[in-house]
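A structural walkthrough
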Amino acid sequence: MPNTNTSTSTPAEPSLSTHLHYLRYALSLARRSPPKPTNFRVGCVIVAFDKKRGGEGEEEGEEKEQGRVLATGYTLELEGNTHAEQNALAKLAREHGISLSSETPSSETSSLEYLAELGREVLTPDKDVYLYTTLEPCGKRLSGNIPCVQRIIATRTRTRTPSQGSPGEGGGGPGRDGGGIRKVIFGAREPGTFVQDSASLKILDGAGVPWEYVPGLEEEILRVAKEGHSNQVVQGTNVDDISPEERRRQEALPRNPKKRMMEVDVPR
């Protein structure tokens, strides 16, 4: 008979409060990104839930393990036009001595190779790794760099033989042993500022990568993401914000005679 004991089955999903905790952490990282009109400010946290959750001896709704942070990243943290997820994965690879290939379109295959190695050697199935990002991962990059969804998929690629294709292109296939990034959690969809109708979630679906949108922080995430863009809402001018020069200029302008009459002191 199959073993139905929850203590030995697949770990339960982290709670909503846990998801929100790490999304708030990712949002705090996004605020470190320099505001620019050409980027969204995004934060990313890679978390391992590698201890038992929801097992025997726990009260209902209680989590024995809230996870541990493996890596963090935010937009433009590393040199170049770098994305949050890209930076978090790159920093994690460097921490474990995995050589990073040049991040250029011409070296796309070798760049994905290091991510496959990261999945095999570091993001092992027992770690049960989640990737938290404020905005959904990009599915297309106008710069020609590798989209973040392809990077995530590449971490799930198993060891390949020379006859198999490149990671992330279907040849190696997603890691069915559960290694790599197990699931993607995000707090807002990507606005259509740079790429219309993002297909990133369809790409994740096609590769068998689970994802989940967690509501509750979307308004703040988008406000932070778009800071530095020219189409931001501008608040009305406060009279106290007028410079002394502008005040003197306005005072020198011709004034309404009727208004002047109203300003004359009236004898008491």
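Just so we're clear, the structure is a prediction, and the values are computed from it rather than from any experiment.

Moving on, we get to the state of the cysteines. Tallied over the full model, the rule gives 0 disulfides. A disulfide-free cysteine, Cys 44 has its sulfur positioned 8.2 Å from the sulfur of Cys 148, the nearest such atom.

This part is about the confidence of the model for the protein chain. This prediction gives the protein chain a mean pLDDT of 75; 61% of its residues lie at or above 70. Per-residue pLDDT, averaged within each element of the protein chain, yields its smallest value for helix α8 (residues 257–263) (43) and its largest for strand β1 (residues 43–48) (98). The low-confidence segment residues 159–176 (pLDDT under 50) makes 33 contacts with residues lying over four places distant or belonging to another chain. Low pLDDT, under 50, characterises residues 255–268; the stretch is placed with 2 contacts to residues that sit more than four places away or in other chains.

When the charged atoms of two side chains lie near each other, side chains of opposite charge can form a pair. A full pass over the atoms with the stated rule returns 10 salt bridges. We note a salt bridge from Glu 227 to Arg 41, for which the minimum N-O separation is 2.7 Å. Taken together, the positions of Glu 227 in the loop between α6 (218–225) and α7 (244–252) and Arg 41 in the loop between α1 (16–30) and β1 put the pair 186 residues apart, joining distant regions of the chain. Here Glu 227 falls in the partly exposed class, since its relative accessible area comes to 33%. The salt bridge involving Asp 128 is made with Arg 182; its shortest N-O contact spans 3.2 Å. In this pair, Asp 128 sits in the loop between α3 (108–121) and β3 (129–135) while Arg 182 sits in strand β4 (residues 181–188), placing the two residues 54 residues apart along the sequence.

For β1, the buried fraction is high: 6 of the 6 residues fall into the buried class. A two-sided burial pattern is seen for β1, the buried positions comprising Gly 43, Val 45 and Val 47 on one face and Cys 44, Ile 46 and Ala 48 on the other.

By the secondary structure assignment, Val 47 is in strand β1. Taking the relative accessible area as the measure of exposure, Val 47 reaches 0% and is therefore buried. A sequence separation of 24 residues divides Val 47 from Ala 71, and the C-alpha atoms of the two residues are 7.3 Å apart. If near-sequence neighbours (up to four positions away) are discounted, Val 47 is found in contact with Tyr 22, Gly 67, Arg 68, Val 69, Leu 70, Asp 128, Val 129, Tyr 130 and Tyr 132.

Turning to the nonpolar core, a few remarks are in order. Ile 46, Leu 118, Leu 123, Tyr 132, Leu 135 and Ile 181 are the most contacted members of the largest nonpolar core, which totals 56 residues. Beyond its immediate sequence surroundings of up to four residues, Leu 118 is in contact with Leu 89, Leu 92, Ala 93, Ile 98 and Leu 123.

For the rest of this paragraph, the subject is the sheet that holds strand β2 (residues 68–74). Within a sheet, each strand pairs with its neighbour through backbone hydrogen bonds, oriented either parallel or antiparallel. Spatial strand order, β2-β1-β3-β4-β5: 5 strands in an open sheet with mixed pairing. The open sheet has two edge strands with one neighbour each: β2 and β5 (211–213). The mean inter-strand angle of the sheet, taken between neighbouring strand axes irrespective of direction, is 20°.

This part is about the side chain of Thr 75. Its place among the elements puts Thr 75 in the loop between β2 and α2 (84–95). A distance of 3.0 Å separates the side chain of Thr 75 from the backbone oxygen of Phe 40, its partner in a polar contact. Ignoring anything within four residues of it in the chain, the contact list for Thr 75 reads Ser 33, Pro 34, Asn 39, Phe 40, Arg 41, Val 42, Thr 82, His 83, Ala 84 and Asn 87.

What follows deals with unusual backbone geometry. Backbone phi values are negative for most residues with the exception of glycine, while trans is the configuration of most peptide bonds. Although it is not a glycine, Leu 76 sits at a positive phi angle of roughly 65°. The exposure class of Leu 76 is buried, given its relative accessible area of 18%. Residue Asp 128 is not a glycine yet carries a positive backbone phi of 50°. A residue is classified by how much of its surface remains accessible, and Asp 128, at 5% relative accessible area, is buried.

Turning our eyes to something else, we now look at the packing of aromatic side chains. What the rule picks out here adds up to 6 aromatic pairs. In this structure an aromatic cluster arises from ring pairing among Tyr 22, Phe 49, Tyr 130 and Tyr 132.

Cut-offs used in this document
Residues numbered from 1 in each chain as written. Predicted model: local features only at pLDDT ≥ 70, side-chain atom pairs only at ≥ 80, totals over all residues. Heavy atoms only, no water. Disulfide = S-S within 2.5 Å. pLDDT = per-residue confidence, 0-100. Helix = DSSP H or I, 4+ residues; strand = E, 2+ residues; numbered from the N terminus. Contact = heavy atoms within 4.5 Å. Salt bridge = Lys/Arg side-chain N within 4 Å of Asp/Glu carboxyl O. Buried < 20%, exposed > 50% of the residue type's maximum accessible area, 1.4 Å probe, protein only. Core = buried A, V, L, I, M, F, W, Y, C linked by side-chain atoms within 4.5 Å. Pairing = 2+ DSSP bridges. Axes fitted to C-alpha atoms, helices over the stretch in contact; angles between N-to-C directions. Polar contact = N/O pair within 3.5 Å; in protein donor to acceptor, adjacent residues only side chain to side chain. Phe/Tyr/Trp six-rings, centres within 6.5 Å; stacked < 30°, edge-to-face > 60°.

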